[in-house]
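A closer look at the structure
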Amino acid sequence: MAYSIKRTKTVEASVRHVAEDQVRKALADLAMPGRTGPVEAVHDCRKRCKKLRALVRLVRPSLGGQYRDANEIFRDAARELSSIRDAESLLGTFDDVVAASIDQLPDGGLPGVRAGLRHRAVAATAKVEDDDGAVRRARRLLEQGREAVDDWSLNDDGWDAIGPGLHKTYARGRKALGPVVDAPSPEHFHEWRKRAKYTWYHVRLLDDAAPSVLNPLGKRFKDLSDALGDAHDLAVLEQQLTDSPDEFGGGEQVDGALVVVRGRRVALEKAAQSLGARLYAEKPDAFVDRLGRYWHTWQAMGDELRAGALAELHPPDDGLEALNVGQLTTMAEEAGVPGRSGMRKADLIGALRAQG
C-alpha cells in the first residue's frame, strides 16, 4: 500500500493500513537483511520508523493518549539502529563531499580519513550480519508496535482528524526556522530538520488530494530535509574527526578534511535557509486552510484528473514522427494518400493517421 491517505476509506482505516504496511516492511527489512544488504536494510527500517512517527503525528490530537506509546515505540526502535546507520551514513556523506570537492582536496587526497570511516562502517555492518542485540531489540519493539496498531482509534474523521496535527507540525517547523536565522548552529539546524521532515511526510500522506500541487511541494520539503540531513551528518563528521584525529590518518589529514567538510556544511545550511524561508512563508493557519481546501475539493469531486494540451495528454505512439519525408512519402503512396507529392512532413503524418 502506498504511503498515503485514501479517499475511499475513513482516516482511521487509512492510518491503520498505512501503519500496518510500514511495520510489516520494517520487520521484513531486519528479518532478511541479505535481500538488499545490511546497510540498506537498516537504512530502510529506520526510514519506515520515521514515516510511522510522522503518521501518528498527523493524527496526534485525534489519536489521544495512544499517540505517546506509538511514538515512543517507533522512536526507540529507530534509536537501536542509530549507531549502525550513523557509521554507514558518514562514510557515504564523506564520499559525496569528496566527489563534490575534488579541486579543494589537499595534495595526496584524504585516504586516511576514508579508511577510518570505512573501518567503522564495516564494524557496524557486521553487527547486522551477526544479528546484534540492538537489531533484536528493534525487532521486538516493532512487533509491539504492530500489535498496538489494531487498537488505534481516532476521535474524529475527515479533515478534523488531520488538520490539527498538520498545523502543529508545520507551526513547529516555522518556529524552528527562527533560531536557525538568528543564531545558526548545528544543533538548531538539526532541530529544524526534524520538524521539516515530518511536514514532508505529511504532505506525502495527503498527496492524492491534489497531486499537481502537493507532489511538487512534497519534493521541495524533501529537498530541505535532505540538505539539512547532509549538513547534520557533516557536523557529526566534523566532531568525530576532531575527537579522534589519529583514527583518521592524523592531524594533517584531518585538518584538510575539516576545511572541505565545514565549507560544504555551511553551503548546505545557507541553501536550506533560502528554501526554507519560502516553504514556511505562509502562517500555519493559512497553510492548513489551503491544504484543507484541497482535501474538501478531493472529497467532493473525486481524484484529480490530468489536464493539459491534447497532444501532451495523448501523445501518438505510431513512430511516424521519427521518420523522414522520404519514408513518409513512400508510406503515403502505399496507402493511396492523394496529393502526397506536395506535402510537408506534418501534412504527411496527418494524412497517414487520418487513413486509419
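About the cut-offs
Residues numbered from 1 in each chain as written. Predicted model: local features only at pLDDT ≥ 70, side-chain atom pairs only at ≥ 80, totals over all residues. Heavy atoms only, no water. Helix = DSSP H or I, 4+ residues; strand = E, 2+ residues; numbered from the N terminus. Buried < 20%, exposed > 50% of the residue type's maximum accessible area, 1.4 Å probe, protein only. Contact = heavy atoms within 4.5 Å. Salt bridge = Lys/Arg side-chain N within 4 Å of Asp/Glu carboxyl O. pLDDT = per-residue confidence, 0-100. Phe/Tyr/Trp six-rings, centres within 6.5 Å; stacked < 30°, edge-to-face > 60°.

Here Asp151 lies in the loop between helix H8 (133-149) and helix H9 (159-182). Note on Asp151: relative accessible area 55%, which makes it exposed. Taking C-alpha positions, Asp151 is 32 Å from Arg290, a pair spaced 139 residues apart along the chain. Among all residues touching Asp151, those that are not within four sequence positions of it are Arg16 and Gln66.

It is worth spelling out the pattern of salt bridges at this point. When the charged atoms of two side chains with opposite charge come close together, those side chains can pair. On inspection of all chains with the given rule, the structure shows 21 salt bridges. Of the charged contacts, one joins Lys6 and Asp208 as a salt bridge, the two residues approaching to 3.4 Å between their closest N and O atoms. With Lys6 in the segment before helix H1 (11-31) and Asp208 in the loop between helix H10 (186-205) and helix H11 (211-243), this pair connects stretches of sequence that are 202 residues apart. The exposure class assigned to Asp208 is partly exposed, which follows from its relative accessible area of 26%. The partner of Arg195 in a salt bridge is Glu191, with the nearest N and O atoms 2.9 Å apart. Of this pair, Arg195 and Glu191 both sit in helix H10, separated by four residues, roughly a single helical turn.

Regions with low pLDDT carry predicted coordinates that are not meant to be interpreted in detail. Scored by pLDDT, the protein chain comes out at a mean of 93, with 97% of its residues at no less than 70. Here helix H2 (residues 33-36) is the element of the protein chain with the lowest mean pLDDT, 59, and helix H13 (residues 284-301) is the one with the highest, 98.

Attention now moves to the packing of aromatic side chains. The tally for this structure, following the rule as stated, stands at eight aromatic pairs. Residues Trp159 and Trp295 carry aromatic rings whose centres are separated by 5.8 Å and whose planes lie at 45° to one another, so their mutual orientation is tilted. Of the two residues, Trp159 is situated in helix H9 and Trp295 in helix H13; the sequence distance between them amounts to 136 residues. Note on accessibility: Trp159 and Trp295 belong to one class, buried. For the pair Trp200 and Tyr201, a centre-to-centre distance of 4.6 Å together with 20° between the ring planes defines the contact as stacked.

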